[in-house]
Amino acid sequence: MDPYLESMQNQTRRAFLQGTGLSLGAIALSTLAGSASVSGSDVTIRSATPLEQRSPHFAPRAKRVIYLHLTGSPPNLDIYDYKPELVKRSGQDCPDEFLKGRTFAFTTGVPKLLGTPRTFAQYGQSGTWLSDAVPNLHGIADELCFVHSMYTEQFNHAPAELLVYTGSPRPGRPSMGSWLTYGLGTENQNLPGFVVLISSGVQPNGGASSYSSGFLPSVFQGVQCRSKGDPVLFISDPAGMDRKLRRRSLDALKQLNVLQSQELGHPETLTRIAQYELAFRMQTSVPEVMDISQETEQALAAYGAKPGESSFANNCLLARRLVEQGVRFVQLFDWGWDFHGTAPGEGLQEGLTNKWAATDKPIAALIKDLKQRGLLEDTLIICGGEFGRTPFREGRTAASAVLGRDHYPDCFTMWMAGGGIRAGCNYGQTDELGFGVVENKVHVHDLQATIMHLLGFNHEQLTYRFQGRDYRLTDVHGRVIEELLG
Amino acid sequence: MLHFRSILSIFLAAAVSAAGQSSADEIDFNRDIRPILSESCFFCHGQDGNKRQADLRLDVRQIAVDAGAIVPGDTSASELVERINSDDPDVLMPPPDSHRRVTPEQKQLLERWIQEGAKYSGHWAFEAPQRPAVPNVNRVEWARNPIDRFVLSKLEREGLEPSPEADRATLIKRLSIDLIGLPPTLDEVDAFVADPAHDAYEKLVDRLLGNPHYGERLALPWLDAARYADSNGFQQDGDTWQWLWRDWVVRALNEDLPFDQFTIWQLAGDLLPDATTDQKIASGFNRNHLLNGEGGAIAEEQRFVVLFDRIDTTATTWLGLTIACAQCHDHKYDPTTQRDYYRLMDMFNRVPEVGTPQFFSTRIRVDKPYLELSTEANNQTIVELESKIAAAMPAATSADDAAYAGWRLGFDPAVKTDKDLGFPEALTAIHNKSAGDRSEEEKNAFEAGLRKHFDEKIRPELVAKLPALASLEALKKQLSDYTNDQVPRVMVMSDDQPRETFILRRGEYLSPLEKVSFATPAFLPSLAAGAPANRLGFAQWLVAPENPLTARVQVNRIWQYFFGTGLVKTAEDFGVQSEYPVHRELLDWLAVEFREHQWSMKHVHRLIVTSAAYRQSSRITAEHLARDGDNRLLARFSRSRMPAMILRDWALAAAGLLDARIGGAPVYPYQPDAVWESLAITKERDFTYPASSGSDLYRRSLYTFWRRTVGPANMFDAANRQTCRVRLSNTSTPLHALTTLNDPTWVEAARVLAQKSLQQANDLDGRLTFAFRQVICRAPTETGLNMLRRTYEKQFAIYNADAESTIKLLSVGASQRDETLDCAQHAAMTSVCMAILNLDEALTRE
């Protein structure tokens, strides 16, 4: 934000507090009144209420996002992108034209082409090709919008993932969820605006950088809600202090702070009081929203969720509970999609079947649930990995009975559903062997631009001045793919 | 909020005049015009040739005049004026779709500037600072040193009064936060408050500047700039030994190593003649970067990522320039070209590094070059292991020889054979000859080859079967495991592998264009004649008197450290897009003072903290709020929330828990479960958090292990230690409150502080006052004390009736509880201390 404006806002806020006799009511008022907006690249951030709701550049098609990241990158050729020609030529040497001058993560020499061992068929009115790995997506194919022509430049996990989330392969820039909460604030001040849920026990490759606020104020950082231990770090009162005691102790703190603000006259002291009151409320609202045991048996069964477990299914259900409560951006990371074939769990046959068995059911349940609650129309769901996988067998495991594919940046599939996308769409095409995009290339930055557009932002205008330059999610690239919009 | 916009416009008017430009003043190109041109025009009409439209440059006067865009003295003939005022969207500049806009006030300024002759001047920060005259002021008696004369002169011009001096308890707390980051003892507070000496304050400052914790405190912002961490980042996130560099920084600051040397050592210590170990370690500044060891990482590609990071970090830290853009194209605003960028890169492109971290143990991954610095303890262990190996050797050797002899019995080497014995080719070739046909040379080679073959292929299989060999091998492995995992290897710089450097098309390492060699950016002074064209020459150039940036950038960051905001607010950017300094002359005066005072950092720190400006009260008046809400003019002191690292130190020290040892290997204090454990690729290394015990739990935050992929959980708002950071955010979220309320660190500190207060005094008021003062320094007011007492009494009633909760609360943390104390009293006091530690005043530097 313009430093000049920032200073103006601080002054204004202070003057406002001053004018209303430094009352706590003023803070409460400013939390409730959500008339701030984003005009051009100026985002009004008031330090007392940095997460208050803001209106974007234009009317949004989606108001919130659930991003399902399959960490490691699922093999598109065995799930979404059917290549009969590759099946025909399976086992042949990979043609030189695809290898010349290229480096792959774990493959050297001349690998063998690998047709999918999966069975594909067409589903829905859209006639979308899907494999038997994702049986629960078959019935909702018409809700989804597939982009088969995604590409990136990165073929190592962490840099590729950082590119997807921050627009740059190096750590240090704000992530998509941070940009959007920076631009939009959030609907419920008693919960974090940007929540991260992690399943299969492992952080994304990029670590916390994948949901970092980078150089944006840290209030826009993704907050990991955990299924073990404290749902949010340090949210539980210490042992030996229950809610009643905490309330009393906060009351004392409040009184002393009010006394201090009277003695010293610092308006920031009132901001401090508000901060502690909000923390107190969050201590109730976070555990509540995270407690899926309050869901009906049917709901739990539909998602395959089990209270007390740490699973992707639980996280899908939590995602719904969170967006329902007004959380702006829910980011799921699910580990275990790096199908190299180095172990049976990483194989394209049984491994892929098992992995999806724990995944496609909750995804389908989430989409149906949101639809039934009327939330799907303004909730954007995005699902995919950070790059593609090779149409040939991975070098290290070429002799194994378990089939696997190497990392591949040139093409991969992602899909979206919900708010403002063209449901039942299959956009972009790869060549007959799946080595490159032949129609409608979509770079990661283009997808980001499109997501921003759906949320009501001109991606070139939601910027933040840092080190003398106006930064944005899409770096200096990106264009909105109009064909994906509903 | 309905009032918001209207209030904004009122203050907009007020602030325009506060910012300096009033209509009677002469137009200053740098202050008034360049920001407008830079913001609205240079993107297409600046120095980036690739983006330039219509061949027009507005950053070079002659070109702008030749093109008719500007006709000095004649606004009506100047196309620029016509364009910015046009109603025709095809003519209007900036174009409507650029989303840039020139405001009516800016248009007026541009027109006035052209009318008055369109005088250009170079960007102020690119011209070497000269020491300006210290201004005359009315209230001479207020000024304690020249800093104050500059500050006061501006205040007097604006008709603002400086604030009275803060009270002594506030001053000692403020100084302690800023100079050592630890609270004073109550005796120290009392002595200072009561000290009648005229130089009581200065004596305190000198004492704190000489305190060894000074280096720890002042190191923090430097570590943020240096993106210092204890691991590599990315997927494997191997641990490093860079803490040896961190310890050097603390030492150098404590010794007040002059900043020119501080600079030269860190950029080129390894290149100094007869470089000492410390000088080499210092060069580790440029090895604090991330390293990606992912399976598919291409070393050369990663090496370039490291090179780019080195340039960005060095440029931001010393020059206050953001030049990363020039990796792909000429900078849009600053005169940094792509050529400049790669010419700079050439000085870093000589390091014998791989680009990816090398495996030493599952824990340790570092890249070459590094210094191996075994400690006394290391040497002792190594000697012990070596002597065990020597002792095991005779038995092993005879077992070995016996085994070899036995193996040889299995065939007759002297007899020619066609049987495949699995020998290497050369050996087989000789063996295939009969003994008589073998030359002397072949015979010797054959004997040696046999033994080699035995040692390499046969022996390993025998080891497990022969106890003497097995124990020797186990010892050898123990030794190598130990040295790989436990001998410090701090990464440093070296120029031992010069390479050719090319401009890279769009920054892609596989797309070299023209070859370049090292030079300083063309728009800045060139290297001194005869200076070495390497990092050393560069470092010397940075601290040469004609360098316009280094001294200014540093004193600005020092100013930012003490006052919260730099004289140039954009501390990371002194380029043409930067903020024009509020006190340009003060900045230049300080820069020259710094340089001419042997670059002594302590000298500048002392100057600042002994100024009247620094000693002011932070109390805000209605006039302050209305006139200068952000306190850029310094009519009062700026209060700020302490950094989380210092908050933790403060709480530990106030409780008497702090282990104040300086330096050494990182420690692992309390951290919630599953923060590290959930890091990626657990199969490649063990990410179990190796929690510390004993006094290591209470070391200063500086020593907490900093894992690059997930920083310490309780250090909110900290720099991410991934890229260079010279300006920190200071935000306020409920999550911060939850940390200082619920993290066992703070709960335990409250419990131990409570215990201490119960031990210190026998009456409640005395106990409450003690605890309050330990944290806040000043004594509570009577009203405050009444509130504390009431809180205590309520909490006591509750805990007295709830033995279970009482014990639970008193069991938080590892330190021993004084079991002779009454539990309910202790728990109630703990609860009060938690409130005290969370008071706004406790969290804030007043």
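Residues numbered from 1 in each chain as written. Chains lettered and ligands numbered in written order. Predicted model: local features only at pLDDT ≥ 70, side-chain atom pairs only at ≥ 80, totals over all residues.

**Student:** How should I be thinking about the overall build of chain A in this particular structure?
**Tutor:** What chain A contains, in helices and strands, is 13 helices and 19 strands. For chain A, the spread of C-alpha atoms along the three principal axes comes to 80 × 50 × 40 Å. Scored against the burial criterion, the 486 residues of chain A give a buried share of 62%. In chain A, 75% of the contacts between residues at least 6 apart in sequence involve partners at least 24 apart. (Helix = DSSP H or I, 4+ residues; strand = E, 2+ residues; numbered from the N terminus. Buried ≥ 20, exposed ≤ 12 C-beta atoms within 10 Å, placed from the backbone. Contact = placed C-beta atoms within 7 Å.)

**Student:** Can you walk me through the overall build of chain B in this structure?
**Tutor:** The secondary structure content of chain B amounts to 33 helices and 8 strands. Expressed along its principal axes, the backbone C-alpha trace of chain B runs to roughly 110 × 85 × 50 Å. Across the 846 residues of chain B, 49% fall into the buried class. Look at the contacts in chain B between residues 6 or more apart in sequence, and 68% of them connect residues 24 or more apart.

**Student:** Is there a simple way to explain the confidence of the model for chain A in this structure?
**Tutor:** Interpretation of this model should avoid reading the predicted coordinates in detail wherever pLDDT is low. Summary statistics for chain A give a mean pLDDT of 87 and a share of 91% for residues scoring 70 or more. Per-element confidence in chain A ranges from a low mean pLDDT of 33 for helix α2 (residues 24-32) of chain A to a high of 98 for strand β10 (residues 379-384) of chain A. (pLDDT = per-residue confidence, 0-100.)

**Student:** What exactly am I supposed to notice about helix α32 (residues 823-837) of chain B here?
**Tutor:** What sets the pattern is the α-helix's 3.6 residues per turn: residues three or four places apart point alike. Taking 1.5 Å as the rise per residue, α32 of chain B with 15 residues should run 21 Å; its terminal C-alpha atoms sit 21 Å apart, in good agreement. Within α32 of chain B, 13 of the 15 residues are buried, which leaves the element mostly enclosed by the surrounding structure. (Expected span 1.5 Å × (residues − 1).)

**Student:** In this structure, what is going on with the pairing of strand β13 (residues 412-418) of chain A? I would like to understand it.
**Tutor:** Along any regular strand, the residues point their side chains to alternate faces of the sheet. Residues and elements named next belong to chain A. With 7 of its 7 residues buried, β13 lies for the most part within the structure. As paired strands, strand β6 (residues 144-151) and β13 are joined by 5 bridges and run antiparallel to one another. Residue pairing for β13: V147 is matched across the bridge by M414. Sheet analysis places β10 next to β13, joined by 4 bridges and oriented antiparallel. Paired with I382 across the two strands is M416, which belongs to β13. (Pairing = 2+ DSSP bridges.)

**Student:** I'm lost on unusual backbone geometry in this one. Help?
**Tutor:** Residue and element names in this part refer to chain B. At the junction of M93 and P94, the peptide bond is cis and its omega measures out at -10° in the coordinates. Looking at the element boundaries, P94 is found in the loop between α5 (79-85) and α6 (104-115). For the bond from K368 to P369, the omega torsion is -15°, close enough to zero to count as cis. With respect to the helices, strands and loops of the structure, P369 is situated in the loop between β2 (365-366) and β3 (370-372). Phi at F234 takes a positive value of approximately 60°, unusual for a residue other than glycine.

**Student:** For this particular structure, what's the right way to read the interface of chain B and chain A?
**Tutor:** On the chain A side, the residues contacting the 90 residues of chain B number 80 residues. Taken together, the elements giving at least two residues each to the side of chain B that touches chain A come down to α1 (3-18), α15 (299-319), α25 (622-628), α27 (734-742), α30 (782-800), α31 (803-810), α32 and α33 (840-843) of chain B. For the side of chain B that touches chain A, the per-class residue count stands at 39 nonpolar, 36 polar and 15 charged. (Nonpolar A, V, L, I, M, F, W, Y, C, P; charged D, E, K, R; others polar.)

**Student:** Before we go on, may I ask you to explain the environment of D81 of chain A in this structure?
**Tutor:** Residues and elements named next belong to chain A. Along the polypeptide, D81 turns up in the loop between β3 (64-70) and α3 (84-88). Taking C-alpha positions, D81 is 22 Å from G395, a pair spaced 314 residues apart along the chain. With near-sequence residues (within four places) excluded, D81 lies in contact with N76, H148, T413, T430 and G434.

**Student:** Got a minute to help me understand the pairing of strand β7 (residues 194-199) of chain A in this structure?
**Tutor:** Residues and elements named next belong to chain A. Across the 6 residues of β7, 6 count as buried, placing the element largely inside the fold. Across 6 bridges, the pairing between β7 and strand β9 (residues 329-334) is parallel. Residue pairing in the sheet places V195 in a bridge with V330 of β9. Pairing of β7 with strand β8 (residues 223-224), which is carried by 2 bridges, proceeds in the parallel orientation. Opposite V196, over in β8, you have Q224 as the bridge partner.

**Student:** Got a minute to help me understand the packing of helix α22 (residues 550-563) of chain B against helix α23 (residues 584-596) of chain B in this structure?
**Tutor:** Two packed helices can be described by the angle between their axes and the distance between those axes. All names here are of chain B. With their axes 8 Å apart at the nearest point, α22 and α23 run at an angle of 105° to one another. Looking at the two axes, α22 sits roughly perpendicular to α23. Only L587, L590, A591, F594 and R595 of α23 make contact with α22, whose side of the interface consists of A551, R552, Q554, V555 and N556. (Axes fitted to C-alpha atoms, helices over the stretch in contact; angles between N-to-C directions. Parallel < 35°, antiparallel > 145°, perpendicular 65-115°, else oblique.)

**Student:** Looking at this model, I keep getting lost on helix α8 (residues 268-290) of chain A. Mind explaining?
**Tutor:** Residue and element names in this part refer to chain A. Counted at 1.5 Å a residue, the expected span for α8 with its 23 residues is 33 Å, and the 32 Å between its end C-alpha atoms agrees. Where α8 bends most, the angle comes to about 30°, and this point is M282. Along α8, 17 of the 23 residues are buried, which leaves the element largely enclosed by surrounding structure. (Bend = angle between axes of the 7 residues up to and from the residue.)

**Student:** Looking at this model, I keep getting lost on the confidence of the model for chain B. Mind explaining?
**Tutor:** A residue-level look at chain B finds 96% of positions with pLDDT of 70 or above and a mean pLDDT of 91. As scored by the predictor, the complex reaches a pTM of 0.86 and an ipTM of 0.85.

**Student:** Would you take a moment to explain the packing of helix α29 (residues 764-776) of chain B against α30 of chain B for this structure?
**Tutor:** Residues and elements named next belong to chain B. Two elements in contact, α29 and α30, have axes separated by 10 Å at closest approach and are oriented at 110°. In terms of orientation, α29 and α30 fall into the roughly perpendicular class. Across the interface between the two elements, L764, D765, L768, T769 and F772 from α29 touch L785, L788, R789 and Y792 from α30. Here the residues of the contact of α29 with α30 are counted per class, giving 6 nonpolar, 1 polar and 2 charged.

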